[in-house]
Structures are given as C-alpha cells and as structure tokens.
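# Structural overview
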Amino acid sequence: MSDDDIDDADTPDAGITQPKPLPNGGWSHEIEHLEKALVVPATESAFQQKAGILRADGSYCDTGAFWRNFRPLTVEPDKPEGDVEKLEGRWLWGGVLWVHFGHFLVESTGRLWGLDALASPPDGIVFISKRPARGDQTEGFQRAFFELCGIDLPIKVLTAPTEVEELVVPGQGFGLGDIVRGTPQFQTFAQTRIGADVEPEGPEKLYISRSELGLNKGGLIGETQIEEHLAADGYEIFHPQKHDMRTQIARYKAAKHVIAAEGSALHLFGMVGQPHQKVAILVRRQSGATDQIVEHLQSFCGIEVVTVEKLQKIYKKKGGAKKRHDLGVLAMPAVQEDLIRLGFVEASDEAWPKVRWRTVKAAIGDKFEARQRRKDD
C-alpha cells in the first residue's frame, strides 16, 4: 500500500488497545510535558513506520503517535544504540511532516493548537519526516502555511535520534478519521490563526479546478468543458497551484458560491471558510476521502456542502487500483441539472453536451480500464 494514499480504506484492528484520537474528548485534548525525551525518526519510507517518542525511562509515548482512521501509522521504535544527538531548550512536538499538500494540511498540523495552550512560546517546533530520504528539508508551501498561522518559531525536522531537553506533546487534534472534525482546541486555532490577516479578495463565484494538474494525478474527464460553462455563468476558474497560499485564502474568503473538483485544495478552504458560503463538490471517484472533506468543511465552518456525483463512467489505471489515480467522466447534462437545482448556476434551455468518446479515449489511452462499480451502487 502506498504511504501517501489519502483515501486509504482502513479498518479496525482488534490488536490495537490505545483509543484513537477523538474530537470530543480523550488524549487528543491533552498535553504531556517530557524531560529528556528521545525522538526517533523513521529510517525508511513506508505506510506504517517505527518512529516517535521514547520517554526518559525508555517507555513509549503513545500520545505522540500519528493516527489515521482506526490505527497509528507510527508505532513504537526500537531504542537507538550508542550516542544520540542533543537538542537544548523547550520544543513543541509537531509530529510527522508530509510533503504532499493535502496530507500536510490534514496530518501535519493537528498538534499546532498546543502553541496557544502554553503560557509562553516554546523555542521551536520539531517534526520527523514521512519520507526519510528528504532529510531536514521543508517546502515553500509549508513555510508559507506556518507564516500564515503567525508562527515565527524555528522549525526543525529531526533526521537522527535526538534527545530533547524538554518536549511538549499536544494530542493529535486533527487528521483523517473521526478526528477530521477537529477538537475544539484545534478548530479555535484554525479560526483564529490561519490566514487571520488575509482580507477577502476576489469574485463571489469561484470554481476550484484540477484541470491543469494533469490526469496522471487523477481527475475529471470533461473538466475543461464544464469550466467553459461556469465561466459563462460568472465563475472565476481558479487553479490553486498557480497562486501563493495568501492569494488562495483571499479567494476562498471572498467567494459566496464555490464549486470545486474534489481534491486537497478543499482542506485549505475548510480552514478559512464561513457559514454563509455554499460549496458544491464535483466527485471524481468513489472514495471515503470525499466524505471526510465534507465532514471537515461542515464541522469547521458550518458550511452548506453538497456533492455532485454524476459520472458516466470511472476509469482506473491498469495494473493497480489506487482510487487517487481514477478518472471520472462527467455526465454533463446531469451535472448541469444538479447545479441548477442547487442554485449554483442559472437555469438554461440549452443542455450541456455530453463528453464525447474521442475526448475520453484521448485521456485514457491504453493505460486505463473501466472500474467495476460496487455491488451496492
């Protein structure tokens, strides 16, 4: 299984005894203060990794583990032999740092609420990398996010076992699974910190597109056609990856009607959205990831969210079944009908034409095949 499958269909494991992080109580709301904690990074890239925190007495700090859905994806590491590096001062545990934009937003930020729970700021924030080969690198978008949270502390990505003089370990207040609703502490952090100084700027109608990401990452066949129809209805066609994060947040704050191809950009929207906004998500695959995006937006913002799942067919890559790579063919007349009914576009006597087979064929080539729909569909 890929280590960056955000739509991982995880199931409960009877061998797991620690409760999962929950939005309404438990260890996800708590903070543990450790002296001479040993932080052990992963040594290889994998879905589940031996990595995390050992207390000074050698016991495993399981509240520092990174969870997704029903299980931790970091598990107790072996105690390193020999000398380890030392880090002086008081540091906040940030957890696992992801380079994937969506994973970073959802799974690398959930402990930052601890900054607002401390009487005085720590000396910095420490992470371990999901991909050890990246070393101590941070990406521009990661640094921009921290800046937009008003965080001007040093960020350290530890690459070797390191004894931290004092480590503050907030519970995981956000992530995938039930915790996607966020703890009250993390929701407050998001609402008061993320893009707090960014003023709304942009049109009232916004379409958040995937069309220029390329279909190798999964997407919608016929998306450029729907963009033409939406542009004629007054929507700005917005490609988030072409804009800095400040501009993205400004657009998301300004829009009253938002239509979006399902994807990671909606998680950033979910951190800054407001209850008066209406959001329609164009579903591109059959995945629990869509439900989690909806739950994120509704829980954080009280936003009215609807999903438009009108696909003629879904194609998967041959030789693999990862849903993040799926291509959905938009059933254009049905999409138009839904968007009119839901109040996102004006009624029209002219139906949006179906996506032509030659367009589908050009997209799928010889690398994709039709995905079998679930029996209960």
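The structure we're discussing is the one just above.
First things first, this report covers the structure right here in the doc. (Residues numbered from 1 in each chain as written. Predicted model: local features only at pLDDT ≥ 70, side-chain atom pairs only at ≥ 80, totals over all residues. Heavy atoms only, no water.)

### Thoughts on the pattern of salt bridges
Counted according to the given criterion, the structure contains 17 salt bridges. Ionic pairing is found between K316 and E369, a salt bridge with its closest N-O pair at 4.0 Å. With a gap of 53 residues between them, K316 in strand β17 (residues 311–317) and E369 in strand β19 (residues 368–370) connect regions that are remote in the sequence. Overall, E369 belongs to the partly exposed group, its relative accessible area being 33%. (Salt bridge = Lys/Arg side-chain N within 4 Å of Asp/Glu carboxyl O. Helix = DSSP H or I, 4+ residues; strand = E, 2+ residues; numbered from the N terminus. Buried < 20%, exposed > 50% of the residue type's maximum accessible area, 1.4 Å probe, protein only.)

### Topic: empty space enclosed by the protein
One way to see where empty space is left: roll a probe the size of a water molecule over the atoms. Counted according to the given criterion, the structure contains two cavities of 30 Å³ or more. One number sums up the size of the largest cavity: a volume of about 100 Å³. Lining the largest cavity are 18 residues, and of these F66, G95, V96, E107 and R111 lie nearest its centre. Ranked by residue count, the leading element in the lining of the largest cavity is strand β7 (residues 85–97), at four residues. Looking at the lining of the largest cavity, its residues break down into seven nonpolar, nine polar and two charged. Of the voids in this model, the second largest cavity is the one considered here, and its volume is about 50 Å³. (1 Å grid on protein atoms, 1.4 Å probe; cavity = no way out; pocket = protein on both sides within 12 Å on 5 of 7 lines; lining within 4 Å. Points joined across faces, edges and corners; volume = space filled by probe spheres on them. Nonpolar A, V, L, I, M, F, W, Y, C, P; charged D, E, K, R; others polar.)

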